[in-house]
There are 2 protein chains.
Amino acid sequence: MTAAPVPVDLARAYRLLNHGPVTVVTSAHAGRRNVMAAAWTMPLDFSPPKVAVVVDKSTFTRELIEASGSFVLNVPCRAQAETVLAVGSCSGRDPECAGDKLARFGLHTLPATQVEAPLLAGCVGWLECRVVPEAHNEQRYDLFIGEVVAAWADPQVFADGRWHFAAAPDARRTLHYVAGGAFYATGEGIDLGD
Amino acid sequence: MTAAPVPVDLARAYRLLNHGPVTVVTSAHAGRRNVMAAAWTMPLDFSPPKVAVVVDKSTFTRELIEASGSFVLNVPCRAQAETVLAVGSCSGRDPECAGDKLARFGLHTLPATQVEAPLLAGCVGWLECRVVPEAHNEQRYDLFIGEVVAAWADPQVFADGRWHFAAAPDARRTLHYVAGGAFYATGEGIDLGD
């Protein structure tokens, strides 16, 4: 098992997403919960931190986000690539995925602190988000805006407001999704800072 | 010099951005032009392809985007990391960057086909975009939506609708930006497709 999540300063929460990793969205409401993959997400503001994420109208995740007004963006790692693909390839509405998709794929969770949705265990970062209602964006573009109300990271790979992939096993690197089951791991660091 | 840009099928244009690379935004209007870095961007739709990008109110780039109704998202590569940092650290409005920021940094361009903004030479992907006007998003979130009207790639690294980083020099890999001058190169491929 990996280390317990450690809180991330909200002013640094955008750094969990800034490099463009694929995410897994968890959602829950009134005893039902779901999980899906989302590559179309980005930071939208620093303070208060906000994120944008595209969630299709056909998804069960969207129904739970709309009902609860919240979601979690989980940042998975290389060891979870098959899980990301699996939860992204099968809808919580499909008969073969009916019921609890987290249970179906044997996924463990941790409780969030500010929202109903759970944190997906084994990830390296987590952003608990409350929906900032924008009906036009949601309807026209499937675009949801969330305010980050709590953020967490695996201290082995993210500490002091930055990623430390080189110090951790390669299996803990974040993932970038292209299409058709093709990912890239986050690669070599290039530090041009002072 | 790198290979001449080759057209990318619009249905595959989202794949230039799907893995979350940092981008460089170019803009131009009435003889003035500018360039800035933008990490906060993502695909927003497949067909017609759309993108979302955050462009701060303080930027000269924004003035030119608003005046021209268009922009280009350039996807830079590792060999251009210093350029990305430079154009992201200095505003076209600052006295020390006054004039033509592209010329100041010695950056070459190629003409776009559908928009006024130029393509930044040496990049590995380019998306020519026309603004889909959304005044509320632009004012409240600095969020611009663009429809991709033409797309291009360096055929050495992107062909047949997918990236081929392993077959090209590491200097042609795309970049992912964190903060404070810290980037990651796009790393090892993980193919879980059929």
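The structure under discussion appears in the preceding block.
As the structure is a prediction and not an experimental result, all values here were calculated from the model.

Enquirer: So what exactly am I meant to see when it comes to the relation of the copies chain B and chain A here?
Expert: Superposition of the two copies of the chain requires a rotation about an axis together with a shift along that axis. Of the transformation superimposing chain B on chain A, the axial component is 0.0 Å and the angular component is 180°, with the fit at an RMSD of 0.0 Å. What the superposition gives is, in effect, a two-fold axis relating one chain to the other. Comparing interface residues between copies, 100% of those in chain B also lie at the interface in chain A; the contact surface is shared.

Enquirer: I keep staring at the environment of A168(B) and nothing clicks. Help me out?
Expert: Residues and elements named next belong to chain B. Mapped onto the elements, A168 comes out in the loop between β12 (162-163) and β13 (175-179). Residue A168 is classed as buried on the basis of its relative accessible area of 11%. Along the chain, A168 and V157 lie 11 residues apart, while their C-alpha atoms are 6.1 Å from each other. Non-local contacts of A168, meaning those with residues more than four positions away in its chain, are made with Q156 and V157.

Enquirer: Please explain the environment of D142(B) as it appears in this structure.
Expert: Residue and element names in this part refer to chain B. Residue position: D142 is located in the loop between α4 (135-141) and β10 (143-153). Look at D142 and you get buried, because its relative accessible area is 12%. Residues D142 and R62, spaced 80 residues apart in sequence, show a C-alpha to C-alpha distance of 9.2 Å. In this structure, D142 is in contact with V53, V54, V55, D56, K57, R62 and N137, ignoring residues within four places of it in sequence. Here the side chain of D142 touches R62 through a polar contact of 2.8 Å, side chain to side chain.

Enquirer: Is there a simple way to think about the side chain of N74(A) in this case?
Expert: Residue and element names in this part refer to chain A. Mapped onto the fold, N74 is located in strand β6 (residues 70-75). Using a relative accessible area of 0% as the deciding quantity, one classes N74 as buried. Within the local environment of N74, its side chain forms a polar contact with the backbone oxygen of V72, the two atoms lying 3.5 Å apart. Not counting the four nearest positions on each side in its chain, N74 is found in contact with V22, T23, V24, V25, T26, P118, L119, L120, C123, G125 and W126.

Enquirer: Hey, could you run me through the packing of aromatic side chains in this one?
Expert: What describes a pair of aromatic rings is the distance from one ring centre to the other and the angle between the planes of the rings. Per the counting criterion, the structure on display carries 14 aromatic pairs over all chains. Centre to centre, the rings of F158(A) and W163(A) are 5.0 Å apart; their planes meet at 75°, and the pair counts as edge-to-face. Both residues of the pair, F158(A) and W163(A), belong to the buried class. Aromatic pair F165(A) and Y184(B): ring centres 5.2 Å apart, planes at 70°, arrangement edge-to-face. In this pair, F165(A) is assigned in the loop between β12 (162-163) and β13 (175-179) and Y184(B) in strand β14 (residues 182-191), connecting two distinct chains. In this pair, the class of F165(A) matches that of Y184(B), namely buried. One aromatic cluster is present, built from ring pairs that chain together F158(A), W163(A), F165(A) and Y184(B). The aromatic ring of F105(A) is capped on one face by R104(A), whose charged end is 5.2 Å from the ring centroid.

Enquirer: What is the right way to look at the interface of chain B and chain A in this model?
Expert: Frequently, the measure chosen for interface size is the accessible area removed from exposure when the parts meet. Taken together, the 51 residues of chain B in the interface contact 51 residues of chain A. Considering only the side of chain B, the residues that lose the most area to chain A are W40(B), Y184(B) and I190(B), jointly responsible for 19% of the buried surface there. Taken together, the links from chain B to chain A amount to 2 salt bridges. A salt bridge links R78(A) to E188(B); its shortest N-O distance comes to 3.0 Å. At the junction of chain B with chain A, the criterion picks out 27 residue pairs in polar contact (both at pLDDT 80 or more). Ranked by the residues each element gives to the side of chain B that touches chain A, the list is headed by β14(B), at 10 residues.

Calculation criteria
- Residues numbered from 1 in each chain as written.
- Chains lettered and ligands numbered in written order.
- Predicted model: local features only at pLDDT ≥ 70, side-chain atom pairs only at ≥ 80, totals over all residues.
- Heavy atoms only, no water.
- Least-squares fit on C-alpha atoms with pLDDT ≥ 70 in both.
- Contact = heavy atoms within 4.5 Å.
- Helix = DSSP H or I, 4+ residues; strand = E, 2+ residues; numbered from the N terminus.
- Buried < 20%, exposed > 50% of the residue type's maximum accessible area, 1.4 Å probe, protein only.
- Polar contact = N/O pair within 3.5 Å; in protein donor to acceptor, adjacent residues only side chain to side chain.
- Phe/Tyr/Trp six-rings, centres within 6.5 Å; stacked < 30°, edge-to-face > 60°.
- Lys NZ or Arg CZ within 6 Å of the ring centre and 35° of its normal.
- Buried area = accessible area lost by both parts, 1.4 Å probe.
- Salt bridge = Lys/Arg side-chain N within 4 Å of Asp/Glu carboxyl O.

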